[in-house]
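Structural overview for review
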Amino acid sequence: MSEQTSPTTSPTSSIFLNTDVPNLARIFDYLAGGSINYEIDRQAATAMLTIIPSLGKWVRLRRAFIQEAASQLHAAGFRQFLDFGSGMPADDHIHAFAPEARVVFSDLNPVAISYGQGLFTGQERIAYIRGDARQVEQVFAAPEVQRLIDRQQPVAIGLNAINLFLNEADNRRMAQALYAWAPAGSKVFMVFQTRADREMPAEYERFREMCRAAGLPIELHTYSQSIEMMRPWQPANIQPIVDFLALPQDFITPADETEIGLAFYAAFLEM
Ligand SMILES: C[S@@+](CC[C@H](N)C(=O)[O-])C[C@H]1O[C@@H](n2cnc3c(N)ncnc32)[C@H](O)[C@@H]1O
């Protein structure tokens with residue numbers, strides 16, 4: 001992560017753009033059923049699936065959360081969304097579920113950014129910008145954010161699958177900076193992707209090594225770390241993702257959880 005220091009110079013561009021090495025964003029795109037991925041990514045995804053066979057299921061659950069959350073926030077009156085780590089801007093993303101809202105997507109990944117910028121050209125209410133969740137102030141200053149986000153109105157802030165790419169200190173800094181910037185009444189919506197609070201099995205390190213090799217190191221946090229890192233945001237509503245999505249209780253099996261003790265929580269945080 002240390003080489004990903006600036007969203008403008010992004011030395012990781014070569015990793016994102018190089019199709020000779022797997023890329024985690026394209027791997028997740030493949031796992032979510034998308035088409036912006038290469039053979040090298042599909043091979044890496046297959047290797048990851050040997051450790052977490054239900055990875056695709058988890059990725060799809062998170063996308064389902066984003067859709068339902070966007071829809072609920074839109075119904076509750078939110079008319080502006082600022083999203084970090086948006087990934088591939090497929091047509092089932094936030095804008096499709098919040099039709100009257102202005103939406104700014106952001107990511108570090110030049111492939112997602114250029115795809116998003118192409119997709120939303122000429123769309124007055126949607127923008128896709130380069131943005132690093134470790135440098136949110138630069139995102140706030142972006143012309144698209146200045147144009148589309150009204151600081152007098154609450155903002156719905158999406159942080160889905162960002163926590164796991166940031167270490168604890170960066171997560172804390174991000175949460176505090178967002179809180180200081182956010183207009184009154186704003187909310188964060190995110191999936192807490194947690195690991196069990198116990199010593200991790202060797203598979204966890206193997207999985208992390210694969211992610212490192214695909215250009216983006218990850219770190220899973222426990223449930224209590226996840227809440228703690230996001231302070232001063234206050235939990236408004238946090239529940240197991242199956243409850244939030246009204247899925248059967250046995251939808252997630254012990255095999256899905258693996259030895260890592262993976263769990264997903266639908267989380268809404270308020271000021
Ligand atoms: C797994 S995808 C999630 C996409 C989408 N949010 C979702 O949940 O379906 C994670 C995205 O986070 C992006 N990312 C990783 N580190 C980031 C950072 N420091 N700032 C912004 N985006 C980052 C990656 O490029 C990737 O596109």
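Just above, that's the structure.
Okay, the overall build of the protein next. Scanning the protein from N- to C-terminus turns up 13 helices and seven strands. Whereas a compact globule of 271 residues would reach a radius of gyration of roughly 18 Å, the protein reaches 17 Å, a difference of no more than 12%. Here the C-alpha coordinates of the protein stretch approximately 50 × 40 × 30 Å along the principal axes. In the protein, which comprises 271 residues, the share counted as buried stands at 44%.

A separate point is the packing of helix H3 (residues 39-51) against helix H10 (residues 202-213). Running from N to C, H3 and H10 point in directions that differ by 165°, and their axes come no closer than 10 Å. Classified by the interaxial angle, the pair formed by H3 and H10 is roughly antiparallel. Where H3 crosses over H10, the two elements pack in a sense that is left-handed. Contacts from Ala44, Ala47, Met48 and Ile51 of H3 reach H10 at Glu203, Arg206, Phe207 and Met210.

Around the ligand, a shell composed of 22 residues is seen, among which Gly85, Gly87, Ala133, Asn160 and Phe165 lie nearest. Elements represented by at least two residues in the shell around the ligand include exactly helix H2 (24-31) and helix H4 (55-75). If one sorts the elements of the shell around the ligand by residue count, H4 sits on top with three residues. Along the lines of polarity and charge, the residues of the shell around the ligand split into eleven nonpolar, six polar and five charged.

With an omega of 10°, the peptide bond between Arg231 and Pro232 qualifies as cis. Counting through the fold element by element, Pro232 comes out in the loop between helix H11 (223-229) and strand E6 (234-240). The phi dihedral of Ala161 falls on the positive side, at around 65°, and the residue is not glycine. With respect to the helices and strands, the residue Ala161 is situated in the loop between strand E4 (156-158) and helix H9 (168-181). Residue Ala161 is classed as buried on the basis of its C-beta count, with 21 C-beta atoms lying within 10 Å. In this structure, Thr258 is a non-glycine residue whose phi angle is positive, near 55°. In this structure, Thr258 sits in the loop between helix H13 (254-257) and strand E7 (263-270).

Further remarks concern the environment of Leu247. One can find Leu247 in the loop between helix H12 (241-244) and H13. Here Leu247 falls in the partly exposed class, since 14 other C-beta atoms lie within 10 Å of it. Considered as a pair, Leu247 and Arg62 are 185 residues apart in the sequence and their alpha carbons are 13 Å apart.

This part covers H9. The first and last C-alpha atoms of H9 sit 20 Å apart over 14 residues, in line with the 20 Å expected at 1.5 Å per residue. Within the span of H9, buried status applies to Asn171, Met174, Ala175 and Leu178. Buried residues of H9 fall within an arc of 95° about the axis and therefore sit on the same side. For H9, exposure combined with an orientation more than 90 degrees from the buried face picks out Ala169 and Ala180.

To continue, consider the nonpolar core. The biggest cluster of nonpolar side chains holds 75 residues, and the ones touching the most others in it are Phe81 and Val191. The element best represented in this core is H4, accounting for eight residues. When sequence neighbours within four positions are dropped, the list of residues in contact with Phe81 reads Ala70, Ile94, Ala98, Ala101, Val103, Ala156 and Gly158.

Every α-helix winds through 3.6 residues per turn, so residues three or four apart in the chain are directed the same way. Given a rise of 1.5 Å per residue, 21 residues ought to cover 30 Å, and the 30 Å separating the end C-alpha atoms of H4 matches this to within 8%. Among the residues trailing H4, Gly77 stands out with phi positive, at a value near 105°.

It is worth spelling out the packing of H2 against H3 at this point. Running from N to C, H2 and H3 cross one another at 75°; their axes reach a closest spacing of 9 Å. Between H2 and H3, the crossing angle belongs to the class labelled roughly perpendicular. Of the residues in H3, those touching H2 at Arg26, Ile27, Tyr30 and Leu31 are Asp41, Arg42, Ala44 and Ala45. In terms of residue class, the contact of H2 with H3 is built from five nonpolar, no polar and three charged.

Right, let's get into the environment of Ala32. For Ala32, the location among the structural elements is in the loop between H2 and H3. Ala32 sits 140 residues away from Arg172 along the chain, and the two C-alpha atoms are 28 Å apart. Excluding its chain neighbours within four sequence positions, the residues that come into contact with Ala32 are Val59, Arg60 and Arg63.

Thresholds, definitions, all that
- Residues numbered from 1 in each chain as written.
- Predicted model: local features only at pLDDT ≥ 70, side-chain atom pairs only at ≥ 80, totals over all residues.
- Helix = DSSP H or I, 4+ residues; strand = E, 2+ residues; numbered from the N terminus.
- Rg over C-alpha atoms; globule rule 2.2 N^0.38 Å.
- Buried ≥ 20, exposed ≤ 12 C-beta atoms within 10 Å, placed from the backbone.
- Axes fitted to C-alpha atoms, helices over the stretch in contact; angles between N-to-C directions.
- Parallel < 35°, antiparallel > 145°, perpendicular 65-115°, else oblique.
- Left-handed = near helix turned anticlockwise from the far one by under 90°.
- Contact = placed C-beta atoms within 7 Å.
- Near = placed C-beta within 6 Å.
- Nonpolar A, V, L, I, M, F, W, Y, C, P; charged D, E, K, R; others polar.
- Expected span 1.5 Å × (residues − 1).
- Arc of directions from axis to C-beta.
- Core = buried A, V, L, I, M, F, W, Y, C linked by C-beta atoms within 7 Å.

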